[in-house]
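Listed below are the residues making up each chain.
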Amino acid sequence: MKARACSLDGHRDGGDTAKESGTQMNPVNSADRWSVYPPSVNLESEFDIDWIRSQFDFVNTGRIVTNNAASTQAPLPILHLTREVLRDYENVHRGQSQASQSTTMRFELAYDTIAAWINAPSRRNIVTYRNTTEAHNAVMYSLMTEFRDGDNVVTTMLEHNSNYVPWYALTEEILPRFGRRVERRLARFDPVTGALDLHHLTSLVDERTKLVCCTGASNFLGTKPPLDIVRAIADASGYVQPTGERRSLMLVDAAQLVPSTYTDVQALDVDYLSFSFHKMLAPFGVGVLYGKEHLLDHSLPFLFGGDMIAEGQVSPDLVEYNELPWKYAAGTPNIVGVVQSAQTLRLMIDLTADPGEASFFRSERPIPAHVVRRSMERIGRHTHGLTARALDRLSAVPGITIYGPPIGVVRSPLVAFNVEGWNPLDLATELDSRGVEARAGCHCATLAHHSLGLDPPASCRLSFALYNSTDDVDRACAAVLDATGRDGGSVSRSLRL
Ligand code: PMP
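Residues numbered from 1 in each chain as written. Predicted model: local features only at pLDDT ≥ 70, side-chain atom pairs only at ≥ 80, totals over all residues.

**Looking at the overall build of the protein**
Moving on, step 1. Regarding its fold elements, the protein presents 15 helices and 15 strands.
Moving on, step 2. Sequence-distant contacts, at least 24 apart, represent 72% of the contacts inside the protein between residues at least 6 apart. (Helix = DSSP H or I, 4+ residues; strand = E, 2+ residues; numbered from the N terminus. Contact = placed C-beta atoms within 7 Å.)

**A closer look at the sheet that holds strand β4 (residues 183–187)**
By way of backbone hydrogen bonds, the strands of a sheet pair with one another, either parallel or antiparallel.
Moving on, step 1. Pairing is mixed across the open sheet formed by seven strands, whose spatial order is β2-β8-β7-β6-β5-β3-β4. Whereas interior strands pair on both sides, the edge strands pair on one side only; in this sheet they are β2 (126–129) and β4. Each neighbouring strand pair of the sheet contributes to a mean axis angle of 20 degrees, computed without reference to strand direction.
Moving on, step 2. Here five bridges tie strand β5 (residues 209–215) to strand β6 (residues 249–253), and the two strands are oriented parallel to one another. Paired with T215 across the bridge in β6 is D253. (Pairing = 2+ DSSP bridges. Axes fitted to C-alpha atoms, helices over the stretch in contact; angles between N-to-C directions.)

**Comments concerning the site of the ligand**
Moving on, step 1. As a matter of local geometry, the ligand sits amid 15 residues, with N131, T133, H160, N219 and S276 nearest to it.
Moving on, step 2. Along the lines of polarity and charge, the residues of the shell around the ligand split into four nonpolar, ten polar and one charged.
Moving on, step 3. Built from parts of two domains, the shell around the ligand gets at least three residues from each of domain 1 (13–76 + 369–495) and domain 2 (83–340). (Near = placed C-beta within 6 Å. Nonpolar A, V, L, I, M, F, W, Y, C, P; charged D, E, K, R; others polar. Domains from an automatic or database assignment.)

**Looking at the nonpolar core**
Moving on, step 1. With 135 residues, the main nonpolar core has V212, L289 and Y290 as its most contacted residues.
Moving on, step 2. Looking at which element gives the most residues to this core, the answer is helix α11 (residues 335–352), with nine residues.
Moving on, step 3. Apart from the residues within four sequence positions on either side, Y290 is in contact with I118, A120, N125, I126, V265, Y272 and L273. (Core = buried A, V, L, I, M, F, W, Y, C linked by C-beta atoms within 7 Å. Buried ≥ 20, exposed ≤ 12 C-beta atoms within 10 Å, placed from the backbone.)

**Considerations on the sheet that holds strand β14 (residues 439–441)**
Moving on, step 1. What the four strands build is an open sheet, ordered β11-β12-β15-β14; its pairing is antiparallel. On the outer flanks of this sheet lie β11 (400–402) and β14, each paired with one strand and no other. When the angles between neighbouring strand axes are averaged without regard to direction, this sheet yields 30 degrees.
Moving on, step 2. Alignment of β11 against strand β12 (residues 414–419), held across three bridges, turns out to be antiparallel. Across the sheet, T401 pairs through a bridge with N418, a residue of β12.
Moving on, step 3. Those strands touched by helix α13 (residues 424–433) are β12, β14 and β15 (459–463), and its axis lies near 165 degrees from that of β14.

**Points about the environment of L198**
Moving on, step 1. Along the chain, the position of L198 falls in helix α7 (residues 198–204).
Moving on, step 2. With 15 C-beta atoms packed within 10 Å, L198 lands in the partly exposed category.
Moving on, step 3. C-alpha separation for the pair L198 and R188, spaced ten residues apart in sequence, amounts to 8.4 Å.

**Some thoughts on the environment of C444**
Moving on, step 1. Tracing the sequence through the fold places C444 in the loop between β14 and α14 (446–451).
Moving on, step 2. Judged by C-beta crowding, with 19 C-beta atoms within 10 Å, C444 ranks as partly exposed.
Moving on, step 3. When the C-alpha positions of C444 and H160 are compared, they lie 5.4 Å apart, and in sequence the two are 284 residues distant.

Don't take any of this as a statement about function, it's just geometry.
Now the structure itself:
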């Protein structure tokens, strides 16, 4: 692929400024102690990775950012756009000024972009919250009044706490106070491969299962459960919903799925799906809940107040709610964050497009599904290649245990591991001192860590994004080897278990 000449928004100053102010973080040298990676895996053939990296300020600091499953870095064009948005912005749906009108338009168009990204029928299916966690709580509160005594909710041991604790709270703390007894059931996973145990899941779902909650990709094991089969299991339950449907609802936590995989909510036929933009290049602050229109229409909102009511339709005896999706937008929303997030999606298309193709960033052009699919497939192949390379190199580290699917089996772009004799938190600190940003802990996948019997319930994780290069992977893996002293380097005994 040909190199590109200039940045996406014509701003040339950001990178230089960062270079001047950035600190050199003492990165390790590229490792050449492993055999050459198979030439059949040509990792960067679809991207001009240098050009992509030039769109990110952090690159100039020397950081090796390999904690992307937690949060990604924001690109410079979004920072520049933010300055413009802030220059003439106003509240949405709350003013007659030009600024309010144009901000409202930008904000509403952002919903169309988000809907297009996941192939939702329209903006009426999109609710924005602060993050994935809030989206799960929103589903929990919306459905809270619908659970009948004797119902159950099924989730899995693979879940992030944000897709378990709300169901724990509902069944253990909230509904019992109303005298309702609802069971919580947890499907197991295979401790060796990380695969969801579909037989166990099937055995847990019955005609009293109102909801099946499942991750689209585990943030610890990298496992991607077969969502079509989970859907079929939920379909077969025969649970009678208040809408008359006879099947269990299905909520997919797609916080680790949407950032690396093309996700089509209609093809998946999910009822609810959540994700956070801070894991896909946008700044912090916005999460999405997709919901089927009839469910959002029928359910109670999670938050009540201004803007979620129909204009003028509030009296002492009767309140009527706004049309979708604003019924779920109580109070002033994160207007700038929503605009930034949608524009980041548009930018991702441009970053992964062929040179010379028409731009989507800053435009109002509708985004065809095939364009999103191509962009995400390219990102997926790139991050998959990086992950395969990391797996290959890390598996050469003596005493390492890598969790999740074996090499060659589909996994999201992350590798969690432990090295014998090392506390993963100490190891992550050692990596950081070598300029490599990893994450150690339970990654909020506490159930899965306990289920594997890990003591402490923790692992060290490297995770990859669009802007990572093979050099990043090599440096990160070299740092693991170096830090654990497996290549002859010295190890501080105080850091060992
Ligand atoms: N689910 C998964 C699978 C995650 O990885 C995360 C973030 N680590 C979340 C949910 C929660 O996302 P947020 O912090 O944006 O609410």
